[in-house]
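The primary structure of each chain is shown beneath.
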Amino acid sequence: EDQVTQSPEALRLQEGESSSLNCSYTVSGLRGLFWYRQDPGKGPEFLFTLYSAGEEKEKERLKATLTKKESFLHITAPKPEDSATYLCAAPGSNTGKLIFGQGTTLQVKP
Amino acid sequence: DTAVSQTPKYLVTQMGNDKSIKCEQNLGHDTMYWYKQDSKKFLKIMFSYNNKELIINETVPNRFSPKSPDKAHLNLHINSLELGDSAVYFCASSLWTSGDFTDTQYFGPGTRLTVL
């Protein structure tokens, strides 16, 4: 069964303390791995799409990487405004419908 | 210049009532979606339309009925609301370049439904 699992569920960092969020997937024939950011009371905001193992994408303090089993969202020197829930998703192998992980809620304290 | 918009933002209603949520996108996309996000923030697909044709119909109660009058609009009507329907409902849209769901989906701001 296709699954997308994120860890940790919650992460607290001090401002400037770099860390990584994990998204592991069991989807055969991966056709894309999506990262979204969701602020409280808002809809998910698209960040990145990764298509093949070894691919990396960057945006400001965020860098997403992809292996054959998992994706990482690296946050370098985070700021309080990076606080949000980060969601990853992948199209299911049979139907292609997006399967979301449960999210990692990041809190960055000043 | 809102990309995907939903109305209303909040919806508070009594059990047994019927309510509708509206969604509109101005991105020129031809595929639209309804998702439900529960209290644990799990996002789960409910329905999807491509060019006004229903292409995803997940196992949801038939009290939920989507309607797409045109490519830019997708509405969700819910009959006989129950307590368990309380959640945040998100509309999303995407292109359909590969004939599957691998195009990036863009989400609306959500509608928080509370059933009393």
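So, here is what we can say about the structure in this document. (Residues numbered from 1 in each chain as written. Chains lettered and ligands numbered in written order. Predicted model: local features only at pLDDT ≥ 70, side-chain atom pairs only at ≥ 80, totals over all residues. Heavy atoms only, no water.)

The next subject is the interface of chain A and chain B. If you look at the interface, chain A gives 21 residues, while chain B gives 21 residues. Both sides of the chain A and chain B interface together cover about 1,600 Å² of buried area, and 57% of this is carbon and sulfur. Along the contact surface separating chain A from chain B lie 1 salt bridge. Note that Glu-58 of chain B is salt-bridged to Lys-97 of chain A, the shortest N-O span being 2.2 Å. Taken together, chain A and chain B are joined by 6 residue pairs in polar contact (both at pLDDT 80 or more). (Contact = heavy atoms within 4.5 Å. Buried area = accessible area lost by both parts, 1.4 Å probe. Salt bridge = Lys/Arg side-chain N within 4 Å of Asp/Glu carboxyl O. Polar contact = N/O pair within 3.5 Å; in protein donor to acceptor, adjacent residues only side chain to side chain.)

Residue and element names in this part refer to chain A. A complete count under the given rule lists 2 disulfides over all chains for this structure. Two residues, Cys-23 and Cys-88, share a disulfide whose sulfurs are 2.0 Å apart. Between Cys-23 and Cys-88 the sulfur-sulfur dihedral comes to about 80°; the bridge is accordingly right-handed. A residue pair is termed long-range when its members are at least 10 positions apart, and Cys-23 in strand E3 (residues 19-26) and Cys-88 in strand E9 (residues 84-91) qualify at 65 residues. When its relative accessible area of 0% is taken as the criterion, Cys-23 is described as buried. (Disulfide = S-S within 2.5 Å. Helix = DSSP H or I, 4+ residues; strand = E, 2+ residues; numbered from the N terminus. Buried < 20%, exposed > 50% of the residue type's maximum accessible area, 1.4 Å probe, protein only.)

This paragraph deals with the environment of Asn-50 of chain B. Residues and elements named next belong to chain B. One can find Asn-50 in strand E5 (residues 43-50). Taking relative accessible area as the criterion, Asn-50 reaches 12% and is therefore assigned buried. In this structure the C-alpha to C-alpha distance between Asn-50 and Tyr-33, which are 17 residues apart in sequence, comes to 9.0 Å. Each residue touching Asn-50, except ones within four places of it in the same chain, is listed here: Asp-30, Thr-31, Ile-55 and Trp-96. Within polar-contact distance, the side chain of Asn-50 engages the side chain of Thr-31 at 2.8 Å.

Once that is clear, we can look at the environment of Leu-50 of chain A. Residues and elements named next belong to chain A. Looking at where Leu-50 falls in the secondary structure, it is placed in strand E5 (residues 45-50). With 18 residues separating them along the chain, Leu-50 and Gly-32 place their C-alpha atoms 5.6 Å apart. Setting aside anything within four residues of it in sequence, one finds Leu-50 in contact with Gly-32, Leu-33, Glu-55, Glu-56, Lys-57, Ala-64, Thr-65, Leu-66 and Ser-71.

Moving on, we come to the nonpolar core. Residues Leu-33, Trp-35, Leu-73 and Tyr-86 of chain A are the most contacted members of the largest nonpolar core, which totals 24 residues. The set of elements that each furnish at least two residues to this core consists of strand E2 (10-14), E3, strand E4 (33-38), E5, strand E7 (62-66), strand E8 (70-75), E9 and strand E11 (104-109) of chain A. Looking at this core element by element, the count peaks at 4 residues for E9 of chain A. Setting aside residues no more than four positions away along its own chain, Leu-73 of chain A makes contact with Ser-19, Ser-20, Leu-21, Trp-35, Phe-48, Leu-62, Lys-63, Ala-64 and Tyr-86 of chain A. Grouped together as the second largest cluster of nonpolar side chains are 19 residues, Leu-11, Met-32, Tyr-49 and Cys-91 of chain B included. (Core = buried A, V, L, I, M, F, W, Y, C linked by side-chain atoms within 4.5 Å.)

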